[in-house]
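# Observations on the three-dimensional arrangement
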Amino acid sequence: MSCWQTAVRNADNNNHDAMANLEWVCVPRCYEVRKNRLTGQATLEHPLKQHAVTVVDSNPLSRALEGTDPLSQFARQDDELNDPLSQMVTEFDLKSKRRERDRTEPEDNTLQWSSRRLGILNRFTTNEKLSLSTSFLVSSGSLDGGNESIKAQTVVADKTKFRLEQLDHFDDGSMRHMMDLTQQEYIQRFEQLKQELIQSWHNDQRVKALKIAIQCAKMLADTTVLQFYPSQYVLITDILDVFGKLVYERLRAKASGDPAASAATLEREREAARDTCQNWFYKIASIRELLPRLYLELSIFKCYEFLSSSREEYERILQRLTHQLRGIADPLVSSYARCYLVRMGVTLTPSKTYIRENFADLFLVYPQIFRFVARFNLHPEIVTASSYLQLYAPAFDYMLLCLVHKSELHTQDILNECKQLKNNGAILMSVLSSFKSEFIATNALEFIALINASETPGISKSQLLRSLGSCVSSCAPLQEQRVTFLKAAFETINKLTDPNEYINCVETWAVFVSQYFTINEVNRLLGELNTRMCLGKAYEKHYSQLQNILTRIMQNYRSIELLLIQPNFLPYLDLFQKESVRVEVCKNILSFYKQNSEEYTCDAVVTNALMYLGKILNDSVNALSVDDERRQIAQLINVFIHKVHFGNDLEQQLSFYVEARGTFSNLDAVYVTLVHAACKLATRNRSKSTGFVKACIAYCFITIPSIEAVQQQMNLYLLCGQLALQHLCLGQADACFEASLQLVNELPAATVDFDGKPRSLEPFLVSYMCNILATLIVVPDSPEQGVLYFLRLLLEVVGRHKFKADSSAPSIIYLHSLDMLYVQSLERFPYHMKGVVSNDDLYGHDPKFLQEVNNMCAQVVDAILLQLKSLGLAQQQGSQAELALQLFLRIVKYADLERETIAQLAVNLWLLANKAQSQLYVKTLVAPNSAQCRDHIQTNKGCISHKGSGYCQTAPAHAQQLRIELVNPMVIC
C-alpha cells in the first residue's frame, strides 16, 4: 500500500488525534489590497447608445436624379406648395382623417333604449301567475315546425291570394290561452314567439310573421298584472322591433338592387320597393283594433324613408299618430304607447314638437291616473298607490329625456305646467330624473318650493327630496342661494316622522352638505342624526344607511383631521352598537385617514380620536381572529402611529409611544412598529444626551418581550443593542445582546409560510449569528463578565441548540466564530464604532488576552473537528469535504503553520477534502499543489510514514506554499 493511500485512510483518525494536542497560535497577516483602476475617457454620448446607420450613396449624380439633394428637395417643396391639385389632395386627406376621427369618437348613447331595458326587467317583477293568449305557441314543439296553420305556397298568384285570405279571415276562435305561467316561463314564451317570427319570415311566411306581431301588440292592452306591465312592454316591443327591422331590411335590399344593373333597372327596383312599402302600411292600416294598428305602424316607422325623406312629412305623420293615441283609455297603456312613439320618432327627426304635443295630451289625461290611485287606495291588496305610480316612471323619464336632449327650449314650459298640475309628484319625479342638473341647480329654490307644496298620493316628499338631493350633489345651486336652499330642504326633512324616510333622505343629502358647506354644517348634521336615531333605538335598523352617510361625508369633505375633532363625530360612532359593524366603521375611517390625511399630525384631539378608533380595532382581535384580519388592522394602526409627529418635543413623542403600547396590546406588528419608532426617536436626539437614549432603549427593552414571535424579538434585541452601542450606552447594549442570545434556544425549528408549508429557521439562525458576530467585534469586554464573554455565551448557546442531524448550520457558525477570533488577535481592528473603546484599544494586544483568543480558537477548531467526525459517520462525504476545505483555508490564513500540530492538521484536512474532490466546486482546490504533495508522499521523499505518523515531513513547507497561493483572491474564489 502506498503512502498516499495510507494517509487518506487515516485522515479522520489523525484529525481526532490532533484535537488532543492542538496548539493554535494566530498569526496576523498584512495583505496589501491593490485596485487596478481603468483610465477614464471623456465622451459626449452614452457608450451603450444604439447608433442608427444610414447608408448614403456617394455618387452625387444619382442623388440629384433621385431628388435627394437639397436643391431638388427645395424645388419639389415649391412645386407641391404651388400645385393646386396637390393642395386639394392634402386637404382631402385632412378631411378624411377628421371624418375618421369623428367616427371613432364615442357615440351619444343617452337615448338608447337598450341601455334601459335590462334595468326595467330587473325592477318590475312579480310572483303572480301570468297568462298568454296566442295562436302560434301551442307548446314548445311549435318551434320545430309542428301545428302550422300557414303553409308555404309555391305559385306567386296563389301565395298572394292566400296571404290576403289569411289576413282578412283573422279568426279569434283559434286563439289558445296559456294560464298560470310563472314570470320565467312567460319570458321564455315571448322568446319563443320572437324566434317563431324570425323563422316564419325567413321561410317566406310573412303573413304569419305579421299575425305574430299583431297578437303581441294586442297583449299590450292587458294590465291584469299591473306591477309586471313595464317588463311586459319591454318584452313585446322587443318582438315588434325585430319585426320592424326585418321589414326595413327587406325593403332596403329591394331598393338597393344590383349595383351592376342599368339606371332604368335600378329605378324600377326602387319603384317596386316603394310599392311594397305602401302595401305594408296598407296591410297594417287594415287592422281593426287601434292599439295593434298603432304599434305595428310605429314598428315599421323607419320604412317611411322609402316613401318620403322630408322631416316635415315625418313630423306630420308623428302628429297624426299622436292624435290617434288619444283614443286609448287606460292611462298606463296610453303612456307607454306614447313612449314607443317618441322612441321611434327620435331616430328620424330632431324635432321636439310632436313630443311637446304628447306631453300636452298627457297633462290632460294626467288626472285620470289618480282615479286609479284612489281605487287602489281602497283595495291595497291589488297594488299600492306608490307602486302604481312607479309604473309610469320609465315612460315619463324617457319621454322627458328625449324632449330636453340637446335642447332646453321646453324645460321651463314643462316646469311651469308642472306647477299648475294637481298631484304633480309623478311628473316632478321624472323631471328631477331627466332634466340636466345645471337647470335644476339654477331653479333650486323653485324646486324645493314645489316639493314642499306637493301633496301627491303615492309619492312622498322624501322620494322627491332624495331625487333633488342627488341632482344638487352633482351640480350645486348658486353660492348666494345655498344656505337658503339647504335650510328650506332640511325644514321638510326634519319634519319626516318615519325614521326610514328620514335616514334615506339624509343619506342622499350628506354628499351635498359635505361638498359645499363648512365643517359646522357637517357637525350639525351629525348631531341631528345622533338625536333622531337614538329615539327608540332606531339606529339598530339602519346600520347600513348610517355607515353610508359617514362614508359619503369622508369621501367628499376635504380635511379628515378637521372632521375627527368635531364634537359630534365620536358620539356618532356610538350609534354603531353592533360590534362587527363598529369594527368595520373604524376600519373605514382609518383607511380614509391613511389615504387623505396630512403627512404628519400633532393635534392632541386628532390623536385621541385615532387612539379611540385603534383601541376598538385592537380589542376586536382575539384568539379566533385570522392572520389576515390581524395584519389588516395592524397596518391601519401603524400608519396612524407613523403620522403622529410632535416635532422636536421628543419626550412627548416617547410618551405617545408609551400610551400606544398600553392601548394596542393584542397586535405584535404594532409593537414591532413602536420599537422601531423608539429607535428612530433615539437617533433624532441632537442634544447628545445619553439619558433620553437610555429611556428609549429601556422602552424597547420592556416592549420586546411582549412580542410572541421569537424571530422578531431576536432581531429587535440586536437592533437595540447596536443602537445602544452607537450612543455609548454599554450597559444597555450588553443587556440587549445577552437577551438576544438567551432567546436562541427558544427559537422553533420551523415556521409556516403563507402557503402553509413549513420552512426551516436554521438559515435565519446562521444569518443572525453571523450578524451578531460582526457586531461583537467592536463590543468591549465588560470587567464584570470576563474576556470575550459574549462569544463564549454564543458558543455555549450553539452547543446546546438542537440542530438537525445533517445540518451544516453549527459548522458555519463555528467557522465565522473563528473569523471573529482572528480579528480579535489583530493589533488594530478593521472597523470601529465612533466613541467605543474596542478590545484592541482596551487590551493593547496583551499576551494574556492573545492567549485566551488562541485557546478559544482551539476550542472552536475542536468543535469543528467533531462536526467532521459526525459527518463522516453519517457517510456525508460531500459535506465533510466542504467543511474540511473551509477549515483548511482558515488554518492557512490565520494560524501559525510553523507549529507541527497545526501543520499536521492542515495536511490531513487537505487530504480529506481531496477524497471527495468530485463533489466540490472545481475552482476551489489548487490542483498543482495537491499533486506535489501527493508526489512527495508516493515517492517517500522525506516521508516518515513507516514511523506511523501518516503525514509528509515537508508538510509545513508545502502548507506555507499553499498559504502563499491561497491568499491570492483569484485562487481562493
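Look above for the structure.
Reference entry: report on the structure contained in this document.

Reading guide: rules and limits
Residue indices begin from 1 for each chain and proceed along its sequence in written order. Only residues with pLDDT of at least 70 are given local features in this predicted model, and only at 80 or more are side-chain atom pairs given and counted; all residues enter the totals for whole chains, interfaces and linings. By convention in this description, side-chain values take in all heavy atoms of the structure and omit both hydrogens and water. Strands here mean DSSP runs of E at least two residues long; helices mean DSSP runs of H or I at least four residues long; both are numbered from the N terminus. A simple rule labels every residue: compare its accessible area, found with a 1.4 Å probe on the protein chains alone, to the largest value its type can have, and call it buried under 20%, exposed over 50%, or partly exposed in between. Contacts are assigned to residue pairs with any non-hydrogen atoms lying within 4.5 Å of each other. The Shrake-Rupley method, run with a 1.4 Å probe sphere, supplies the accessible areas, and residue values consider only the shown protein chains as cover. Between Lys or Arg on one side and Asp or Glu on the other, a salt bridge is scored when a side-chain nitrogen of the former is within 4 Å of a carboxyl oxygen of the latter. To estimate the expected span of a helix, count its residues, drop one, and scale the result by 1.5 Å. Residues are said to line a cavity or pocket when one of their atoms sits within 4 Å of a point; the points come from a 1 Å grid over protein atoms alone, cavities being sets where a 1.4 Å probe fits but cannot get out and pockets being open sets with protein on both sides within 12 Å along at least five of seven lines. Grid points are joined across faces, edges and corners, and a volume is the space filled by probe spheres set on the points. Under the scheme applied, nonpolar residues are Ala, Val, Leu, Ile, Met, Phe, Trp, Tyr, Cys and Pro; charged residues are Asp, Glu, Lys and Arg; polar residues are all the others, including Gly. A pair of aromatic rings is counted whenever rings of Phe, Tyr or Trp (Trp by its six-membered ring) have centres within 6.5 Å, and the orientation is called stacked for planes under 30 degrees apart, edge-to-face for over 60 and tilted otherwise. All axes are obtained by fitting lines to C-alpha atoms, using only the stretch in contact for helices, and the reported angles, taken between N-to-C directions, cover 0 to 180 degrees. By definition in this entry, angles of less than 35 degrees are roughly parallel, angles greater than 145 are roughly antiparallel, angles of 65 to 115 are roughly perpendicular, and the rest are oblique. Here a crossing is taken to be left-handed if its near helix is turned anticlockwise relative to the far helix by less than a right angle, and right-handed if that turn runs clockwise. What is meant by a nonpolar core is a set of buried Ala, Val, Leu, Ile, Met, Phe, Trp, Tyr and Cys residues, joined one to another through side-chain atoms within 4.5 Å.

### Quick notes on the overall build of the protein
- When you go through the protein residue by residue, the secondary structure sums to 46 helices and four strands.
- Burial statistics for the protein: of 973 residues in total, 48% are counted as buried.
- Look at the contacts in the protein between residues 6 or more apart in sequence, and 73% of them connect residues 24 or more apart.
- Accessible surface, the protein: about 49,300 Å² in total, of which carbon and sulfur atoms supply 52%.

### What about the pattern of salt bridges?
- Applying the stated rule across the entire model yields 30 salt bridges.
- The shortest N-O distance in the salt bridge between Arg-326 and Glu-357 comes to 3.6 Å. Here Arg-326 is found in the loop between α13 (311–324) and α14 (331–345), whereas its partner Glu-357 is found in helix α15 (residues 353–378), with 31 residues between them in sequence.
- Via salt bridges that share partners, Glu-267, Arg-270, Glu-271 and Arg-274 belong to a single interconnected network.

### A closer look at helix α8 (residues 183–202)
- Taking 1.5 Å as the rise per residue, α8 with 20 residues should run 28 Å; its terminal C-alpha atoms sit 29 Å apart, in good agreement.
- Residues of α8 that are buried: Gln-183, Tyr-186, Phe-190, Gln-192, Leu-193, Lys-194, Glu-196, Leu-197, Ser-200 and Trp-201.
- Trailing α8 by a residue or two, Asp-204 shows a phi angle of about 65°, which is positive.

### Quick word on unusual backbone geometry
- With phi around 65°, Asp-204 is a residue other than glycine that occupies positive phi space.
- With respect to the helices and strands, the residue Asp-204 is situated in the loop between α8 and α9 (206–218).
- Even without glycine at this site, Lys-406 takes up a positive phi of about 55°.
- Looking at where Lys-406 falls in the secondary structure, it is placed in the loop between α17 (393–404) and α18 (411–420).

### Regarding the layout of surface pockets
- A volume near 780 Å³ is recorded for the second largest pocket.
- Forming the walls of the second largest pocket are 30 residues, and the residues nearest its centre are Gln-112, Lys-302, Arg-343, Met-344 and Thr-347.
- Where the lining of the second largest pocket is concerned, the elements lending two or more residues are α6 (114–123), α10 (229–256), α12 (290–299) and α14.
- With seven residues, α10 is the largest single contributor of residues to the lining of the second largest pocket.
- Of the residues that constitute the lining of the second largest pocket, the class distribution is eleven nonpolar, eight polar and eleven charged.

### Considerations on the packing of aromatic side chains
- Counted according to the given criterion, the structure contains 39 aromatic pairs.
- Measuring from ring centre to ring centre gives 5.6 Å for Tyr-229 and Tyr-336, while their planes differ by 70°; the resulting arrangement is edge-to-face. Taken together, the positions of Tyr-229 in helix α10 and Tyr-336 in helix α14 put the pair 107 residues apart, joining distant regions of the chain.
- By relative accessible area, Tyr-229 is classed as buried at 0%.
- Ring plane angle 75° and centroid distance 5.8 Å describe the contact between Phe-243 and Trp-280, whose orientation is recorded as edge-to-face. One end of the pair, Phe-243, is in helix α10; the other, Trp-280, is in helix α11 (residues 263–285), and 37 residues separate them in sequence.
- Judged by relative accessible area, which is 4%, Trp-280 ranks as buried.

### Notes on the packing of α9 against α12
- Across the interface, α9 lies against α12 with an axial gap of 8 Å and an inter-helix angle of 120°. By the angle class used here, α9 and α12 are oblique. The two elements α9 and α12 cross, and the hand of that crossing is right-handed. Of the residues in α12, those touching α9 at Leu-210, Ala-213, Ile-214, Ala-217 and Lys-218 are Leu-291, Pro-292, Tyr-295 and Leu-296.

### Brief notes about helix α22 (residues 461–474)
- When the terminal C-alpha atoms of α22 are compared, their 20 Å separation across 14 residues agrees well with the 20 Å that a helix rising 1.5 Å per residue should span.
- Taken as a whole, α22 has its buried residues at Ser-462, Leu-464, Leu-465, Ser-467, Leu-468, Gly-469, Cys-471, Val-472 and Ser-473.

### Considerations on the nonpolar core
- Ranked by size, the top nonpolar core spans 294 residues in total, and within it Trp-24, Tyr-388 and Trp-509 carry the most contacts.
- For this core, the element with the highest residue contribution is α10, accounting for 14 residues.
- If sequence neighbours within four positions are ignored, Tyr-388 has contacts with Leu-226, Pro-331, Leu-332, Ile-369, Phe-372, Val-373, Phe-376 and Val-383.

### Observations regarding the side chain of His-410
- By the element assignment, His-410 lies in the loop between α17 and α18.
- Aside from chain neighbours lying at most four places away, what touches His-410 is Lys-352, Arg-356 and Leu-403.

### A look at the packing of helix α39 (residues 809–824) against helix α41 (residues 847–873)
- Relative to each other, α39 and α41 sit at 165°, their axes nearing to 10 Å. Our classification of the angle between α39 and α41 gives roughly antiparallel. As α39 packs across α41, the resulting crossing turns out to be left-handed. Of the residues in α41, those touching α39 at Pro-810, Ser-811, Tyr-814, Leu-815, Leu-818, Leu-821 and Gln-824 are Phe-849, Val-853, Met-856, Cys-857, Val-860, Val-861, Ala-863, Ile-864 and Gln-867.
- Its residues placed into classes, the contact of α39 with α41 shows 13 nonpolar, three polar and no charged.

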